[in-house]
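Remarks on the overall topology
In case you want the letters, here they are:
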Amino acid sequence: MIRGYTTGVFDLFHIGHLNILKRSKEMCDHLTVAVSTDELVESYKGKTPVIPFEERIAIVESIKYVDQVVAQETRDKVEAHSRLKFNVMFHGDDWRGNQLFMETEAVLDERGVRVVYFPYTTRTSSTMLTAVLQDTVSIRKRADLL
């Protein structure tokens, strides 16, 4: 049995999120998805997700490609492997070449875990969607002041 693993914030769930979950499931028998807690996101992104953790978990759990959802409280993929025993880890290629991921890949490779990168969805991202929403709110606030 091939056990797959992927992680994400999954804020403002969009087609890029769905694509990575679908493509991941196509390459494994059992897909575990770790959803980042609000505290973890705040610690490394310096901002709170728009959608609260409990709601993001519920959204990801409802996706037919997902077999198991766990909380991601740390970015340590090696520790996650020790706990979850996956054979393959999936991630967007926006992380390829990142120092943290290169070190992680080396350790996972020693453990026989393959890392598969999927193309990043450039036209849609949670960051872009958040910016559009913030702009819309700002425009409405200015209009209310006129």
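Here the structure is a predicted model, which means the values were calculated and not measured. Every chain begins its residue count from 1, and numbering advances along the sequence as written. Local features in this predicted model are restricted to residues of pLDDT 70 or higher, and side-chain atom pairs are both shown and tallied only at a pLDDT of 80 or more, whereas totals for entire chains, interfaces and linings draw on every residue. Excluded from the side-chain calculation are hydrogens and water; included are all heavy atoms of the structure.

The next subject is the overall build of the chain. Secondary structure follows DSSP: runs of H or I at least 4 residues long count as helices, runs of E at least 2 residues long count as strands, and numbering of each begins at the N terminus. Across its full length, the chain holds 6 helices and 5 strands. Beginning at the N terminus, the succession of helices and strands in the chain can be written as β-α-β-α-α-β-α-β-α-β-α. Expressed as a percentage of its 146 residues, the buried residues of the chain come to 42%. For this analysis, residues touch if any pair of their heavy atoms sits within 4.5 Å. Contacts in the chain between residues far apart in sequence, at least 24 positions, make up 77% of those at least 6 positions apart. Only carbon and sulfur atoms are counted for the fraction: they give 53% of the accessible area of the chain, which is about 8,500 Å². Any residue under 20% of the maximum accessible area for its type is buried, any over 50% is exposed, and the rest in between are partly exposed; the area is computed with a 1.4 Å probe on protein chains only. Note that accessible areas follow from Shrake-Rupley with a 1.4 Å probe, and for residues the cover is restricted to the protein chains shown.

So, about a negative patch on the surface. Only residues whose relative accessible area exceeds 30% and that form no salt bridge enter a patch; like-charged residues are grouped when within 9 Å of one another, and nonpolar side chains (Val, Leu, Ile, Met, Phe, Trp, Tyr) when within 5 Å. Salt bridge criterion: a side-chain nitrogen from Lys or Arg within 4 Å of a carboxyl oxygen from Asp or Glu. All tallies of charge rest on Lys and Arg as positive and Asp and Glu as negative; His and the ends of each chain are not included. For charged residues, the charge sits on one atom: NZ in Lys, CZ in Arg, CG in Asp, CD in Glu. Residues E39, E42, E54, E55 and E73 make up a contiguous surface patch of negative charge. Listing elements by their share of the negative patch, those giving two or more residues are helix 2 (38-45) and helix 3 (53-61). Residue position: E73 is located in the loop between strand 3 (68-72) and helix 4 (77-84).

Our focus in this paragraph is the packing of helix 4 against helix 5 (residues 99-110). Axis separation between helix 4 and helix 5 bottoms out at 9 Å; the angle between their running directions is 30°. Judged by the angle between their axes, helix 4 and helix 5 are roughly parallel. Contacts from K77, V78 and H81 in helix 4 reach F101, T104, V107 and L108 in helix 5. For helices, the fitted line uses only the C-alpha atoms of the stretch in contact; every axis is such a line through C-alpha atoms, and the angle between N-to-C directions lies from 0 to 180 degrees. In what follows, roughly perpendicular refers to angles from 65 to 115 degrees, roughly parallel to angles under 35, roughly antiparallel to angles over 145, and oblique to any angle outside these ranges.

Counted by the stated rule, this structure contains 3 salt bridges. Between D38 and R56 there is a salt bridge, and its shortest N-O distance comes to 2.5 Å. Residue D38 is located in helix 2, and its partner R56 is located in helix 3; the two are separated by 18 residues in the primary sequence. For R56, a relative accessible area of 0% puts it in the buried group.

Remark on secondary structure: sheet strands pair via backbone hydrogen bonds, oriented parallel or antiparallel. Any two strands with at least two DSSP bridges between them are considered paired. In space, the 5 strands of this open sheet follow the order 3-2-1-4-5, with parallel pairing throughout. Looking at strand neighbours, the two that pair on one side only are strand 3 and strand 5 (114-118), the edges of this open sheet. In this sheet, neighbouring strand axes are inclined to one another by 25° on average, regardless of whether the strands run parallel or antiparallel. In the sheet, strand 2 (residues 30-36) pairs with strand 3 via 5 bridges, with the strands oriented parallel. Bridge assignment links V33 to a residue of strand 3, and that residue is V69. Of the strands in this sheet, strand 1 (3-8), strand 2, strand 4 (88-92) and strand 5 are in contact with helix 1 (residues 15-26), which crosses strand 2 at around 150°. Along the sheet, helix 5 makes contact with strand 4 and strand 5, crossing strand 5 at roughly 140°.

Quick look at the packing of aromatic side chains now. The rule is short: rings of Phe, Tyr and Trp, with Trp giving its six-membered ring, pair when the centres are within 6.5 Å, and they are stacked under 30 degrees, edge-to-face over 60, tilted in between. Tallied over the entire structure, the rule returns 3 aromatic pairs. Judged by centre distance (6.3 Å) and plane angle (25°), the ring pair of F10 and F13 falls under stacked. Here F10 falls in the buried class, since its relative accessible area comes to 3%. By relative accessible area, F13 is classed as partly exposed at 25%.

Just distances and angles here, no functional claims.
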